[in-house]
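Spelled out, the chains give:
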Amino acid sequence: MAMLLLFSALLLFAPPMGTAEIDFNYPAVFNFGDSNSDTGGRVASGLESISPPYGETFFGRPSGRFCDGRLIIDFLLDAMDLPFSNSYLQSVGAPSFQTGTNFAAAGCSILPANPTSVSPFSFGIQIAQFLQFKSQVLQLLGGSAFYSKTEDQIIALIPTILLEFESGLKKLHDEGARKFWIHNTGPLGCITQNIAFFGKDPSKLDGMGCVAAHNRVARLFNLQLHALCTKLRHQFSDSNIIYVDIYTIKSDLISNYAKYGFEYPITTCCGYGGGWLNYDSRVPCGHTATLDGVGPVTAKGCNDTSEHVNWDGIHYTEAANYHVALRILTGKYSDPPFSDKMPFLLKPKY
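Numbers given for residues are sequential positions, taken from 1 along each chain in its written order. Predicted model: local features are reported for residues with pLDDT of at least 70 only, side-chain atom pairs are reported and counted for 80 or more only, and whole-chain, interface and lining totals are derived from all residues. In computing side-chain values, all of the structure's heavy atoms are included and hydrogens and water are not.

- Going by the annotation in an unreviewed UniProt entry, the name recorded for the protein is GDSL esterase/lipase, with Rhynchospora pubera given as the source organism.

This is the structure we're talking about:
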């Protein structure tokens, strides 16, 4: 059975070589990643709970997603006429895994978790969960590191991170994966939380108002990731590997936000504090706290989420995710490109 393997910032899948059309008729999708594509894993694990206004735009309640509504993966699955992906860790409600499952968990990283990690569900753990899941099915059938490291230290760590990622891909290849669609990482310096923490000195910001060091590292990581994809095309001669430039899509959105109908490229929709960022790490979205003896104060959602790119200081709004998904599905940001072969036409459900 052909399967689609997805990663939120590093996303797997590709069309078959030598065909005039791209075949996206996959019966199942298996997703790996972090909060960009977590549809309930972290919440189901008990590591964290989320409250309204999360989920308000589409689901009308918190859905386990760190967004006001749908994620990029939701729009991509919708474009392929597939249902929303159930979290592998979610057992309530007897979820169906016939169309795949989602191993993503917010806060995870490619490198193995350590005592200071935000999440224990690293890339390697997610791969192990997939292998266990596959075994059971066969039987049934008969830039968080920036907070503690300098820019130079992070740059020095990139080869190690990519070696871990390459090792995971090889394991998936050994298990039969042959179609890979690999998304690079976005402009980390434009995440509102990072601007609040590292952008207090205006000289540290770039022309977009983002933290220059974070974006430099993201671009360098992407350069080396792109090189890895080229290398793997030669090693996996029986596979298709497509590299997708998410960084360019998101940078263009932030730089030209008004062109795409947004009013606030950086300002958090669900936050507290007002001003350019409307973000205070002491009061996460949907939470209430007392600050310096003043309060209680609550981080509430904005009146119109479609005006904002950023949802809660870290994650994108549903409107921004929809925009990114549309750009991905043009095929123009892929290497090799396949814009002339894309069969998708997304239909908004607002």
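There's more to say after this.
Points about the overall build of the protein
Now for step 1: Numbering of helices and strands starts at the N terminus; helices are DSSP runs of H or I of at least 4 residues and strands are runs of E of at least 2. Helix and strand content of the protein: eight helices and eight strands.
Now for step 2: Each accessible area is a Shrake-Rupley estimate made with a 1.4 Å probe; only the visible protein chains count as cover when residues are assessed. Of the roughly 15,900 Å² that the protein leaves accessible, carbon and sulfur atoms contribute 54%.

Things to note about unusual backbone geometry
Now for step 1: The omega angle of the peptide bond from P52 to P53 is 15°, so this bond is cis rather than trans.
Now for step 2: With an omega of 0°, the peptide bond between D335 and P336 qualifies as cis.
Now for step 3: For P336, the position within the fold is in the segment after strand 8 (334-335).
Now for step 4: In the Ramachandran plot, N278 falls in the positive-phi region, its phi being about 50° despite a non-glycine side chain.
Now for step 5: Within the secondary structure, N278 sits in the loop between helix 7 (246-255) and strand 6 (288-291).
Now for step 6: The phi dihedral of D292 falls on the positive side, at around 50°, and the residue is not glycine.
Now for step 7: With respect to the helices and strands, the residue D292 is situated in the loop between strand 6 and strand 7 (294-298).
Now for step 8: Residue exposure (1.4 Å probe, protein chains only): buried if accessible area is under 20% of the type maximum, exposed if over 50%, otherwise partly exposed. By relative accessible area, D292 is classed as exposed at 70%.

With respect to the confidence of the model for the protein
Now for step 1: How sure the predictor is of each residue is captured by pLDDT, a score from 0 to 100. Here the protein averages 85 in pLDDT, and 84% of its residues register 70 or above.
Now for step 2: Within the protein, strand 1 (residues 4-7) has the poorest average pLDDT of any element, 52, and helix 7 the best, 97.
Now for step 3: Here residues 8-21 is a poorly scored stretch, pLDDT under 50, and it has 57 contacts once near neighbours within four places are set aside; other chains count. Any two residues having at least one pair of non-hydrogen atoms within 4.5 Å are treated as being in contact.

Overview of the state of the cysteines
Each disulfide is one covalent bond, formed between the sulfur atoms of two cysteines.
Now for step 1: In what follows, a disulfide is any cysteine sulfur pair within 2.5 Å. Within the structure shown, the criterion is met by three disulfides.
Now for step 2: At a sulfur-sulfur separation of 2.1 Å, the disulfide partner of C190 is C210. Linking C190 and C210, the disulfide has an S-S dihedral of approximately 100° and is accordingly described as right-handed. Linking C190 in the loop between strand 4 (179-183) and helix 5 (192-198) with C210 in the loop between helix 5 and helix 6 (212-235), this pair joins segments that are 20 residues apart in sequence. For the pair C190 and C210, a shared accessibility class is recorded, and that class is buried.
Now for step 3: Two residues share a disulfide in this structure: C269 and C302, whose sulfurs sit 2.0 Å from each other. Between C269 and C302 the sulfur-sulfur dihedral comes to about -90°; the bridge is accordingly left-handed. Linking C269 in the loop between helix 7 and strand 6 with C302 in the loop between strand 7 and helix 8 (318-328), this pair joins segments that are 33 residues apart in sequence.
Now for step 4: Each bonded cysteine of the protein gets a number by its place in the sequence, and the pairs then read 1-2, 3-6, 4-5.

Details of the packing of aromatic side chains
When we look at a pair of aromatic rings, we describe it by the centre distance and by the angle of the planes.
Now for step 1: Two rings from Phe, Tyr or Trp (for Trp, the six-membered ring) form a pair when their centres sit within 6.5 Å of each other. Planes less than 30 degrees apart are called stacked, planes more than 60 degrees apart edge-to-face, and all others tilted. With the rule as written, the count across this model stands at 14 aromatic pairs.
Now for step 2: Where F103 meets F130, the ring centres are 6.0 Å apart and the plane angle is 85°; that geometry is what we call edge-to-face. Of this pair, F103 sits in the loop between strand 3 (100-102) and helix 3 (123-140) while F130 sits in helix 3; the two residues are 27 residues apart in sequence, bridging distant segments of the chain.
Now for step 3: Looking at F130, the relative accessible area reads 3%, which means it is buried.
Now for step 4: Relative to F165, the ring of F123 lies with its centre 5.4 Å away and its plane at 40°, an arrangement referred to as tilted.

Structural notes on helix 4 (residues 151-174)
Now for step 1: Between its first and last C-alpha, helix 4 extends 35 Å over 24 residues, near the 34 Å set by a 1.5 Å rise per residue.
Now for step 2: At L157, helix 4 shows its largest kink, close to 35°, and the proline P159 lies no more than four residues downstream.
Now for step 3: Just beyond helix 4, the residue with positive phi is G176, at close to 110°. To estimate how far a helix should extend, the number of its residues minus one is multiplied by 1.5 Å. Note on bend: at a given residue it equals the angle between the axes fitted to the 7 residues ending there and to the 7 starting there.

Describing the nonpolar core
Most often, soluble globular proteins keep nonpolar side chains buried together rather than apart.
Now for step 1: By size, the foremost hydrophobic cluster in this structure holds 30 residues, and its most contacted members are W181, I266, Y316, V324 and I328.
Now for step 2: Elements represented by at least two residues in this core include exactly helix 2 (72-79), helix 5, strand 5 (240-244), helix 7 and helix 8.
Now for step 3: Looking at this core, the element that brings in the most residues is helix 8, giving six residues.
Now for step 4: If we ignore the near neighbours within four places in the chain, the residues touching Y316 are C67, K250, L253, I254, V309, N310, W311, N321 and V324. Buried residues of nine kinds, namely Ala, Val, Leu, Ile, Met, Phe, Trp, Tyr and Cys, make up a nonpolar core once their side-chain atoms join them within 4.5 Å.

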